[in-house]
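Next come the chains, spelled out residue by residue.
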Amino acid sequence: MIELREHFPLAPCTTFGIGGPARFYAEVAGLAELREALSFARAEGLPFFLMGGGSNLLISDAGFPGLVIRNTGRALNREGTDVEVEAGVVLIDLVRSCASWGLAGVATLAGIPGLVGGALRGNAGAYGGSLGEVCTSVRVLDAGSLEERIVSRAECRFGYRDSRFKQDPALVVLGTRLSLAPAPVEELEERVAETLAKRAARRLDCEQSVGSYFTNPVVSDRALVARFEAEQRVAAREGRLPAGWLIDQAGLRNLRVGGAQVSGIHANYLINTGGASARDVLELARLVKERVLSQTGVRLVEEVSRIGFSAGELAD
Ligand SMILES: Cc1cc2nc3c(=O)[nH]c(=O)nc-3n(C[C@H](O)[C@H](O)[C@H](O)COP(=O)(O)OP(=O)(O)OC[C@H]3O[C@@H](n4cnc5c(N)ncnc54)[C@H](O)[C@@H]3O)c2cc1C
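This is a predicted model, so every value here is computed, not measured.

Quick notes on a negative patch on the surface
At step 1: A cluster of acidic residues, Glu186, Glu189, Glu190 and Glu194, forms a negative patch at the surface.
At step 2: Mapped onto the fold, Glu190 is located in helix H7 (residues 185-201).

Structural data, given as structure tokens:
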């Protein structure tokens, strides 16, 4: 039997530290409990959403009027060079275990906060690698039919910070199978340590935020891309420019609305300086999008999941 908690505070469950309570909250340990939670939501006519590590969430000040489900399944097993991992495993634990097993393919993910389920949905990645690249299949529960099924890698439609699970929230990620390559343990442990050190040096984990608030957009304006490449001495990857660079071009570093601010360290981090409301963040994001569009012609799109807002609140 699941334990349903009412009016459960969500802000402390998120890295932003923002948002009101959930009408209902449940932690589920396995498939039977997940089915029970989803059946409850359906019977009550309530919306639901899965919460992982809360590192990519902006929750409305009014909270979430339905059921928030946290999957606590944490099994992590190796079979040769394959790894089976459940959605509730913390990403850094997966990374460290793979290194200790001498399995390469996930070291660049070291330091990305959150859990495996959230990382699959958003195809989390850094330094040229992403989780989708090593995934061979994903085990899901279809919230509509309550049937468990395997989604093949091709069906997952992994792209830059994107997957099929983003478009289809009825698919609850239960776990995944990864195909990795053998490599010396010391080399992998060094790679993990180097990645963590690189992130620390860039101060990527320093503030109350969701990391990058916007995705890096594909930019068709060749002159703008050429300016970026000349200035930064790097080639644009897949035609994308860093959203932070575009925000800088518009001169928006440190722009503030209430307690929310464009970070002075990373222009694509919107931060909670203390006491920011979700409304402050939305308004700041709206201003950033408006000014980047008017000054560079590029439309930014949110990477963060925004939960509990009305369509009107999310309109630009
Ligand atoms: C300081 C900082 C640095 C960051 N750096 C990076 C980075 O370098 N690269 C990067 O890609 N990201 C980065 N992020 C963003 C974030 O860590 C990733 O997006 C992460 O993968 C989100 O995982 P989570 O478990 O916290 O998901 P949550 O924030 O809990 O949820 C995110 C979304 O996934 C959905 N979800 C969660 N679990 C499931 C599930 N089991 N089934 C279906 N849907 C699910 C949620 O409903 C929500 O829509 C950073 C964030 C912070 C705060």
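Side note on the layout of surface pockets
At step 1: Each pocket or cavity is described by its volume, and for the second largest pocket that value is around 230 Å³.
At step 2: Looking at the second largest pocket, it is lined by 16 residues, and the ones nearest its centre are Ala278, Arg279, Leu282, Glu283 and Glu313.
At step 3: At the level of secondary structure, the elements contributing two or more residues to the lining of the second largest pocket comprise helix H10 (278-296) and helix H11 (311-314).
At step 4: Per-element accounting of the lining of the second largest pocket gives the leading share, 6 residues, to H10.
At step 5: Split by residue class, the lining of the second largest pocket holds 7 nonpolar, 1 polar and 8 charged.
At step 6: Mapping the lining of the second largest pocket onto the domain boundaries places at least three of its residues in each of domain 1 (5-71) and domain 3 (206-314).

Details of the domain arrangement of the chain
At step 1: Here the chain is partitioned into domain 1 (5-71), domain 2 (76-199) and domain 3 (206-314).
At step 2: For domain 2 and domain 3, the distance between their C-alpha centres works out to 26 Å.
At step 3: On the domain 3 side, the residues contacting the 5 residues of domain 2 number 7 residues.
At step 4: Note on domain 2 versus domain 3: buried area summed over both sides is about 490 Å², and carbon and sulfur give 43% of it.
At step 5: At the junction of domain 2 and domain 3, the tally comes to 0 salt bridges.
At step 6: Between domain 2 and domain 3 we count 2 residue pairs in polar contact (both at pLDDT 80 or more) in total.
At step 7: Split into classes, the residues belonging to the side of domain 2 that touches domain 3 amount to 1 nonpolar, 1 polar and 3 charged.

What to know about the UniProt feature "active site" (unreviewed entry) in the chain
At step 1: Per the UniProt annotation, the sites labelled "active site" (unreviewed entry) are Arg161, Ser212 and Glu303. Across 143 residues in sequence, these annotated residues keep their C-alpha atoms within 11.0 Å of one another, forming a single compact spot.
At step 2: With respect to the element layout, Arg161 can be found in the loop between helix H5 (153-156) and helix H6 (164-167).
At step 3: Discounting chain neighbours no more than four positions away, the residues touching Arg161 are Gly122, Asn123, Ala124, Gly125, Ala126, Lys166, Thr215 and Glu303.
At step 4: A distance of 3.1 Å separates a polar atom in the side chain of Arg161 from the backbone oxygen of Asn123.
At step 5: For Ser212, the position within the fold is in the loop between H7 and helix H8 (222-232).
At step 6: Apart from residues no more than four positions distant in its own chain, Ser212 is found in contact with Asn268, Tyr269 and Glu303.

A few points about the site of the ligand
At step 1: In the vicinity of the ligand there are 34 residues, among which Leu50, Gly52, Ser55, Asn56 and Gly125 approach most closely.
At step 2: A distance of 3.5 Å is found between an oxygen atom of the ligand and a backbone nitrogen or oxygen belonging to Ala119.
At step 3: In the model, an oxygen atom of the ligand is placed 3.3 Å from a nitrogen or oxygen of the Arg161 side chain.
At step 4: About the coverage of the ligand: the protein hides 92% of its 980 Å² of free accessible area.
At step 5: Breaking the shell around the ligand down by element, the ones donating at least two residues are strand E3 (48-51), helix H3 (116-121), strand E9 (125-126) and strand E13 (171-179).
At step 6: When residues of the shell around the ligand are assigned to their parent elements, the largest contribution, 4 residues, is made by H3.
At step 7: A per-class count over the shell around the ligand returns 17 nonpolar, 13 polar and 4 charged.

A few points about the sheet that holds strand E16 (residues 260-262)
At step 1: Pairing in this open sheet of 3 strands is antiparallel, and the strands run E15-E16-E17 from one edge to the other. Since the sheet does not close on itself, it has two edges, and those belong to strand E15 (256-257) and strand E17 (270-272), each with one partner.
At step 2: Direction of pairing for E15 relative to E16: antiparallel, over a ladder of 2 bridges. From the neighbouring strand, Val257 faces E16, where its bridge partner is Ala260.

Brief notes about the nonpolar core
At step 1: Formed by 38 residues in total, the largest nonpolar core has its most connected members in Val83, Leu94, Leu131, Val138 and Leu178.
At step 2: Elements with a contribution of two residues or more to this core: strand E7 (82-86), helix H2 (91-100), strand E8 (103-104), H3, helix H4 (131-134), strand E11 (135-142), E13 and H7.
At step 3: Per-element accounting of this core gives the leading share, 5 residues, to H2.
At step 4: Not counting residues within four places of it along the chain, the set of residues in contact with Leu131 comprises Leu94, Val106, Leu109, Val116, Ala119, Leu120, Asn123, Ala124 and Leu178.
At step 5: If you look at the next biggest cluster of nonpolar residues, it comprises 37 residues, including Ile18, Leu224, Val225 and Leu284.

Examining the packing of aromatic side chains
At step 1: Overall, the coordinates contain 5 aromatic pairs when judged by the stated rule.
At step 2: A ring pair is formed by Phe8 and Tyr25, whose centres lie 3.7 Å apart and whose planes are at 10 degrees; its orientation type is stacked. Highlighted residues: Phe8 in strand E1 (residues 5-9) and Tyr25 in strand E2 (residues 21-28), separated in sequence by 17 residues.
At step 3: Of the residues examined, Tyr25 reaches a relative accessible area of 1% and is grouped as buried.
At step 4: When the ring of Tyr213 is compared with that of Phe214, the centres are 5.0 Å apart and the planes differ by 70 degrees; the resulting orientation is edge-to-face. Of the two residues, Tyr213 and Phe214, neither departs from the other in class, the shared state being buried.
At step 5: Directly above the ring of Tyr127 sits Lys198, whose terminal nitrogen or CZ lies 4.3 Å from the centroid.

Conventions used here
- Per chain, residue numbering runs from 1 following the sequence as it is written.
- Where totals are concerned, whole chains, interfaces and linings use all residues; where local detail is concerned, this predicted model gives features only for residues with pLDDT of at least 70, and gives and counts side-chain atom pairs only at 80 or more.
- The side-chain figures draw on all heavy atoms in the structure; neither hydrogens nor water molecules are used.
- For patch building, the residue pool is restricted to those with more than 30% relative accessible area and no salt bridge; the joining distance is 9 Å between like charges and 5 Å between nonpolar side chains (Val, Leu, Ile, Met, Phe, Trp, Tyr).
- Reported accessibility uses the Shrake-Rupley method at a 1.4 Å probe radius. Residues are deemed covered only where the shown protein chains occlude them.
- Salt bridges are defined by distance alone: a side-chain nitrogen of Lys or Arg within 4 Å of a carboxyl oxygen of Asp or Glu.
- In this tally Asp and Glu are treated as negative and Lys and Arg as positive; neither His nor the chain ends contributes.
- Where a charge sits is defined by one atom per residue type, namely NZ (Lys), CZ (Arg), CG (Asp) or CD (Glu).
- Where helices and strands are cited, they refer to DSSP runs of H or I of at least four residues and of E of at least two residues respectively, numbered from the N terminus.
- Of the two site types, the cavity is a set of points on a 1 Å grid over the protein atoms alone where a 1.4 Å probe fits but cannot get out, and the pocket is an open set with protein on both sides within 12 Å along at least five of seven lines, each lined by residues with an atom within 4 Å of a point.
- Grid points are joined across faces, edges and corners, and a volume is the space filled by probe spheres set on the points.
- Amino acids outside the nonpolar list (Ala, Val, Leu, Ile, Met, Phe, Trp, Tyr, Cys, Pro) and the charged list (Asp, Glu, Lys, Arg) are all regarded as polar, and Gly is one of them.
- Either an automatic procedure or a domain database provided the assignment from which the domain bounds are taken.
- Whether two residues are in contact is decided by their heavy atoms: any pair within 4.5 Å suffices.
- Put simply, buried area is how much 1.4 Å-probe accessible surface two parts lose in total, over both of them, once they are put together.
- Residues adjacent in sequence count toward polar contacts only when both atoms are side-chain atoms; beyond that, a polar contact is any pair of N or O atoms within 3.5 Å, and within protein one must be able to donate a hydrogen and the other to accept it.
- UniProt positions are given in the numbering used here, feature names are shortened, and annotations may be inferred rather than shown by experiment.
- By convention in these notes, a residue is near a molecule or strand provided one of its non-hydrogen atoms lies within 4 Å of it.
- The pairing criterion for strands is at least two bridges between them, as found by DSSP.
- Nonpolar core, defined: a set of buried Ala, Val, Leu, Ile, Met, Phe, Trp, Tyr and Cys residues in which side-chain atoms within 4.5 Å join the residues together.
- The buried label applies to any residue whose accessible area, calculated with a 1.4 Å probe on protein chains only, is under 20% of its type's maximum; exposed applies above 50%, and partly exposed to all values in between.
- A pair of aromatic rings is counted whenever rings of Phe, Tyr or Trp (Trp by its six-membered ring) have centres within 6.5 Å, and the orientation is called stacked for planes under 30 degrees apart, edge-to-face for over 60 and tilted otherwise.
- To sit over a ring, a charge needs its Lys NZ or Arg CZ within 6 Å of the ring centre and within 35 degrees of the ring normal.

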